[in-house]
Amino acid sequence: MSTSNGSAYIESKVLTASQPQLHLILLEAAVRFGQRAAQLWGDASEELLRNDLLRRMMDVVEELTRSAAEGKTEISKQLEEQYAFVYRELAVCRFEDDEEKLASCLKLLEFQRETWKLACERLDQGVSPAAVTPSQHFQPAEQTVDSGFSLDA
């Protein structure tokens, strides 16, 4: 698939997606950026690219935080807090060059992605969203100290 075909496919996917599917698309992008950054971690010649990937990952997590903040439910508030926590951890990761923080953030986002994937599958099958509550079990141990982004890695 060429780049323009790939971009057209992603644009079509985003334009036709439901809110839960859009959330999943964002989670997939954040995980993809983080995994690529992790692959580049030890290579000093790729430091600029790694930092760009981490910045893009943070942009996506910021958008996830913002979208969760628009919700009025307790689950939305919990999601907002969780994404804000991941955002702060990624900021520390970038500024302190902490590979372990990236690994922790990826683990949390991968859990979220899998949960949202299950929720989207259930919704596609006509199962009530209440049967699958994304991030119900996500609890960070301790919290420490216009999006303009592309989902392409």
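See the structure shown above.
These notes cover the structure that comes with them.

### Things to note about the environment of Ala 69
When you line up the elements, Ala 69 lands in helix H3 (residues 47-69). Classification of Ala 69 as partly exposed rests on a relative accessible area of 36%. For Ala 69 and Ala 84, which are 15 residues apart along the polypeptide, the C-alpha to C-alpha distance reads 10.0 Å.

### A look at the environment of Glu 114
Relative to the assigned elements, Glu 114 resides in helix H5 (residues 99-124). Given a relative accessible area of 39%, Glu 114 falls into the partly exposed group. Distance from Glu 114 to Glu 28, taken between C-alpha atoms, is 9.4 Å for residues 86 residues apart in sequence.

### Side note on the packing of aromatic side chains
Evaluated as defined, the whole model comprises zero aromatic pairs. When the ring centre of Phe 33 is taken as origin, the NZ or CZ atom of Arg 32, which lies over that ring, is 5.8 Å away.

### Quick notes on the side chain of Arg 50
When you line up the elements, Arg 50 lands in helix H3. The exposure class of Arg 50 is buried, given its relative accessible area of 4%. Apart from residues no more than four positions distant in its own chain, Arg 50 is found in contact with Ala 37, Leu 40, Trp 41 and Asp 97.

### Brief notes about the nonpolar core
Met 57, Tyr 83, Leu 90, Leu 102 and Leu 109 are the most contacted members of the largest nonpolar core, which has 31 residues in total. Contributing elements (two or more residues each) for this core: helix H2 (19-39), H3, helix H4 (74-96) and H5.

### Some thoughts on unusual backbone geometry
A positive phi angle is found at Asp 97, which is not glycine, with a value near 55 degrees. Along the chain, Asp 97 turns up in the loop between H4 and H5. What makes Asp 97 partly exposed here is its relative accessible area of 44%.

### Regarding the pattern of salt bridges
Applying the stated criterion across every chain, the model contains eight salt bridges. Asp 52 serves as the salt-bridge partner of Arg 55, at 2.5 Å between the closest nitrogen and oxygen. With Arg 55 and Asp 52 both in helix H3, this residue pair falls three residues apart, about one helical turn. Taking relative accessible area as the criterion, Arg 55 reaches 34% and is therefore assigned partly exposed. With relative accessibility at 27%, the residue Asp 52 sits in the partly exposed group. One salt-bridge network, in which partners are shared between bridges, spans Asp 52, Arg 55 and Asp 59.

Criteria and thresholds
Residues numbered from 1 in each chain as written. Predicted model: local features only at pLDDT ≥ 70, side-chain atom pairs only at ≥ 80, totals over all residues. Heavy atoms only, no water. Helix = DSSP H or I, 4+ residues; strand = E, 2+ residues; numbered from the N terminus. Buried < 20%, exposed > 50% of the residue type's maximum accessible area, 1.4 Å probe, protein only. Phe/Tyr/Trp six-rings, centres within 6.5 Å; stacked < 30°, edge-to-face > 60°. Lys NZ or Arg CZ within 6 Å of the ring centre and 35° of its normal. Contact = heavy atoms within 4.5 Å. Core = buried A, V, L, I, M, F, W, Y, C linked by side-chain atoms within 4.5 Å. Salt bridge = Lys/Arg side-chain N within 4 Å of Asp/Glu carboxyl O.

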